[in-house]
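One letter stands for each residue in the lines below.
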Amino acid sequence: MKYSIVFLLLSIISSFAQTLPSGPQVLTFHSDVDDTEQPYGCYIPKDYSEKKTYPLVVMLHGAGSNHRLALRRVFGKSNAEGENDVEASLKFPKWKDVNYIVISPNVRGTMGYQGVAEKDVWDMIADAKKRFNIDENRMYLTGLSMGGGGTMWVGLTRPDVWAAIAPVCPAPPAETIKYLDNVYNLPVHFFQGDQDPAVKVENTRKWVEDFKTAGAKVTYQEYPGVKHDSWVNAYKDEFIFTWFSKFTRNPFPDKVKFTTSQLKYNKAYWLEIIDKNVGETAKIEANFKNKNILDVKTENITAFSINILEHPNFNTKSKLSLNIDGQNLSVFGLTNGQILIKTDGKWAVGKRPDNSKTKNPALEGPMTEAIGDRHIYVYGTKGNPTKEQLDQRRKIAEQAADWSVYRGDFMGRVMVFPRVLSDKEVRPNDIERSNLVLFGDAETNEIVEKYAAYLPLSLKSSARENASLSFIFPNGNRYILVNSGQPFWELPNADNSPFARLRSAGKASILSGYGDWVLYDKNINNVISYGIFDKDWKLMEKDKGLLKNSGMIDMK
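The residue numbering used here restarts from 1 in each chain and proceeds along that chain's sequence as written. Where totals are concerned, whole chains, interfaces and linings use all residues; where local detail is concerned, this predicted model gives features only for residues with pLDDT of at least 70, and gives and counts side-chain atom pairs only at 80 or more. As a rule here, side-chain values come from all non-hydrogen atoms in the structure, and water together with hydrogens is ignored.

1. Re the overall build of the protein
By the criteria applied, helices consist of DSSP H or I runs no shorter than four residues and strands consist of E runs no shorter than two, each listed in order from the N terminus. Along its length, the protein carries 12 helices and 27 strands. The C-alpha atoms of the protein give a radius of gyration of 26 Å, which matches the 24 Å a tight globule of 556 residues would have. If one aligns the C-alpha atoms of the protein with their principal axes, the spans along those axes are about 75 × 70 × 65 Å. Pairs of residues are marked as contacts when any of their non-hydrogen atoms sit within 4.5 Å. By sequence separation, contacts in the protein at least 24 residues apart represent 64% of the contacts at least 6 residues apart. The globule rule used for comparison is 2.2 Å times the number of residues to the exponent 0.38, while the radius of gyration itself is calculated over C-alpha atoms.

Here is the structure:
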């Protein structure tokens, strides 16, 4: 009996420890954005061993595509003759084995690679790292079209993760240009057809030259006579794996150049930007001139840290000679993550500032950040509404939450499913875990009323019928996004970049480009003003006059 129990326990343990089969397959990770299981394509080498570490290739699909097609594409397997994408998605053909783990996210469909989609990419990578032994110094990123643009965005906002990146006919977000300096230590391979009608060859050529100017190690392959499907040539015969194999990440380069417009992207190699001027692009360039001699140049930065105890150009037994923006400092007993702070124009060694009540990497805005993670749409029941009025309030919240609008056979649907609740149904756990998109004001929504005393502005009740006020504000470790008056989708689109249509189908994506707050007048069909809050989440002095003169806003 005793041995039977032991055998049974061993059998149960063994069943949980079963390894995945080799070859192409589909895995899932749990997304806390909307409590769904999200699929991703995965290739496991034929002789995978848990005793070894493996390089990782992340492949990002294009518009109108999916994770299964992307996994085929990166191995050079295009559709068979006469086969459409729907049919090609049904099966994985045989292909040559490579000694890489390869993963490809679905990212909810066609919505670019920012916001929820960007989070899905990093969640997928985290899931793969739990399952497999990944070599952190051999992680590579590639993608085609929308995914080529995603390769540039994900690659440049977190450049120290990757050993090399390879964008194919890329369609990047407009904001990518702000992060150009970050490519300095990255090998990059661009691919492009010179007859591409969707992504113009002139655009990619310009990116190639910009990358070279920024110091990147750039390879460019242009295919004469090829249209948008340049990926057929780029990924032919598993070429991309051969190219990636040439590169290994150096976590401690002698020189680091890093630029960011958002503090959530604040780390590169051994540098971290702790604080910056609100609304400004922060830049830092740090270069070891010699052993223990470090030269640093900054723009719009008030605090940063260095993490160099393991750097080959630093001797822990000697002092560090620093030159920051022309100011000389000597640091003895350097610690990992040593903080440097700028006060009244002078740099000094200091402690990490307490930014829990100010803008920080986790809570900085803009408004679209509220919908880039887990969020709930909340309509109000306050003010004794009639049944018709309550139905209308709920309908507005449901419209905002409906991301999966059908956009035709190519663009399809965006598969994000946030919840819709009334103010009375919101639980403490919802407030703790979720960003809240609140419709109404203190007179119509109990949650807005709860926070009203802390909010920097509000829409006057007399302006409800003709105006729309939307703004973001921190709530603990989460955000609230308040929309008072008319729904925010009445606003004109502020993002007219060529590939803006690849953004989320969620109605709140219209807020992209408007910063932390926006006031709209329906009568004149015009945005009266928009902007960002200061470091303390208060209105800028320059904005107060215009808002006051509008006659629509109460300000704290």
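2. A word on the sheet that holds strand β8 (residues 217-223)
Read from one edge to the other, the open sheet built from 8 strands follows the order β1-β2-β4-β3-β5-β6-β7-β8, with strand pairing classed as mixed. The sheet is open, and its two borders are formed by β1 (23-31) and β8, each paired with just one other strand. In this sheet, neighbouring strand axes are inclined to one another by 20° on average, regardless of whether the strands run parallel or antiparallel. The rule for pairing is simple: two strands pair if DSSP sees at least two bridges between them. In terms of strand pairing, strand β2 (residues 36-44) meets strand β4 (residues 101-105) through 4 bridges, oriented antiparallel. Residue pairing for β4: Cys42 is matched across the bridge by Ile103. The sheet contacts of helix α4 (residues 116-131) involve β1, β2, β3 (54-60), β4 and β5 (134-144), and relative to β1 the element is tilted by about 115°. Fitted lines through C-alpha atoms give the axes, limited to the stretch in contact for helices. The angle between two N-to-C directions lies from 0 to 180 degrees. Across the sheet, helix α6 (residues 201-213) touches β7 (187-193) and β8, and the angle it forms with β8 is around 165°.

3. Some remarks on the environment of Lys94
Looking at the element boundaries, Lys94 is found in the loop between α3 (85-88) and β4. Only protein chains enter the accessibility calculation, which uses a 1.4 Å probe; a residue whose area is less than 20% of its type maximum is buried, one above 50% is exposed, and one in between is partly exposed. Looking at Lys94, the relative accessible area reads 79%, which means it is exposed. Along the primary structure Lys94 and Phe75 are separated by 19 residues, whereas in three dimensions their C-alpha atoms are 9.8 Å apart.

4. A look at the side chain of Glu272
For Glu272, the position within the fold is in strand β11 (residues 271-276). What qualifies as a polar contact is a pair of N or O atoms within 3.5 Å, subject to a donor-acceptor requirement within protein and to the restriction that residues adjacent in sequence count only when both atoms come from side chains. A distance of 3.4 Å separates polar atoms of two side chains, one belonging to Glu272 and the other to Arg352. Among all residues touching Glu272, those that are not within four sequence positions of it are Asn266, Lys267, Phe304, Ser305 and Arg352.

5. Some remarks on the pattern of salt bridges
Any Lys or Arg side-chain nitrogen found within 4 Å of a carboxyl oxygen on Asp or Glu counts as a salt bridge. Taken as a whole and judged by the stated rule, the model has 32 salt bridges. Glu541 is the salt-bridge partner of Lys544, the closest N and O atoms lying 3.0 Å from each other. Placement of the pair is Lys544 and Glu541 together in helix α12 (residues 541-550), with a separation of 3 residues, close to one helical turn. Lys544 gets classed as partly exposed once you look at its relative accessible area, which sits at 26%. We classify Glu541 as exposed; its relative accessible area is 61%. Here the salt bridges do not stand alone but share partners, grouping Lys387, Asp391, Arg394 and Glu398 into one network.

6. Observations concerning helix α9 (residues 387-401)
For a helix, the expected span equals 1.5 Å multiplied by the number of residues minus one. Between its terminal C-alpha atoms α9 stretches 21 Å, which fits the 21 Å expected from 15 residues at 1.5 Å a residue. Of the residues making up α9, those classed as buried are Ile396, Ala397, Ala400 and Ala401. All buried residues of α9 lie within an arc of 140° about the axis, which places them on one face of the element. Counted as exposed and oriented over 90 degrees from the buried face of α9: Lys387 and Glu388. Here the buried face of α9 lies against β19 (375-379), β20 (419-422) and β21 (435-439). Here the arc refers to the directions that run from the helix axis out to each C-beta atom.

7. Details of the environment of Val188
Within the secondary structure, Val188 is located in strand β7. A relative accessible area of 0% means that Val188 is categorised as buried. Distance in space between the C-alpha atoms of Val188 and Ala80 is 30 Å, their sequence separation being 108 residues. If near-sequence neighbours (up to four positions away) are discounted, Val188 is found in contact with Ile165, Pro167, Val183, Phe211, Ala216, Lys217, Val218, Thr219 and Trp243.

8. Quick look at the pairing of strand β15 (residues 320-324)
On β15, burial follows the alternation: Leu320, Leu322 and Ile324 on one face are buried, whereas Ser321 and Asn323 on the facing-out side are not. Two strands pair when backbone bridges link them, and strand β13 (residues 293-299) and β15 are joined in this way by 4 bridges, in the parallel orientation. Bridged to Leu294 within β15 is Leu322. Bridging between β15 and strand β16 (residues 327-331) involves 5 bridges; their strand directions are antiparallel. Opposite Leu320, over in β16, you have Val331 as the bridge partner. Taking the residues between adjacent antiparallel strands as the criterion, β15 and β16 are bridged by 2 residues, where Asp325 takes a positive phi near 50°.

9. Some points on unusual backbone geometry
A cis geometry characterises the amide bond from Gly365 onward to Pro366, with omega recorded as 0°. Along the polypeptide, Pro366 turns up in the loop between β18 (346-350) and β19. Even without being a glycine, Tyr269 presents a positive backbone phi close to 55°. Residue position: Tyr269 is located in the loop between β10 (267-268) and β11. A relative accessible area of 16% means that Tyr269 is categorised as buried. One non-glycine residue, Asp344, lies in positive phi territory at about 50°. With respect to the helices and strands, Asp344 occurs in the loop between β17 (338-343) and β18.

10. So, the nonpolar core
Nonpolar cores were defined as sets of buried Ala, Val, Leu, Ile, Met, Phe, Trp, Tyr and Cys residues, with membership established by side-chain atoms within 4.5 Å. Formed by 103 residues in total, the largest nonpolar core has its most connected members in Ile103, Ile125, Trp162 and Phe211. The leading source of residues in this core is α4, at 7 residues. What Trp162 contacts, discounting residues up to four positions off in sequence, is Val58, Trp122, Ile125, Met139, Tyr140, Leu141, Val154, Gly155, Leu186 and Arg249. The next biggest cluster of nonpolar side chains, apart from the first, holds 29 residues, and it includes Val57, Tyr100, Ala163 and Cys169.

11. With respect to the confidence of the model for the protein
Averaged over every residue, the pLDDT of the protein is 93; residues scoring 70 or more account for 95%. Segment residues 6-18 is flagged for pLDDT under 50; beyond a separation of four residues in sequence, or across chains, it makes 0 contacts in the model. Think of pLDDT as the predictor's per-residue confidence, scored from 0 to 100.

12. Quick word on the environment of Asn328
Checked against the element boundaries, Asn328 lands in strand β16. With 33 residues separating them along the chain, Asn328 and Asp295 place their C-alpha atoms 9.2 Å apart. Contact partners of Asn328, with chain neighbours within four places excluded, come to Leu322 and Asn323. A polar contact of 2.8 Å, which involves the side chain of Asn328, links it to the side chain of Asn323.

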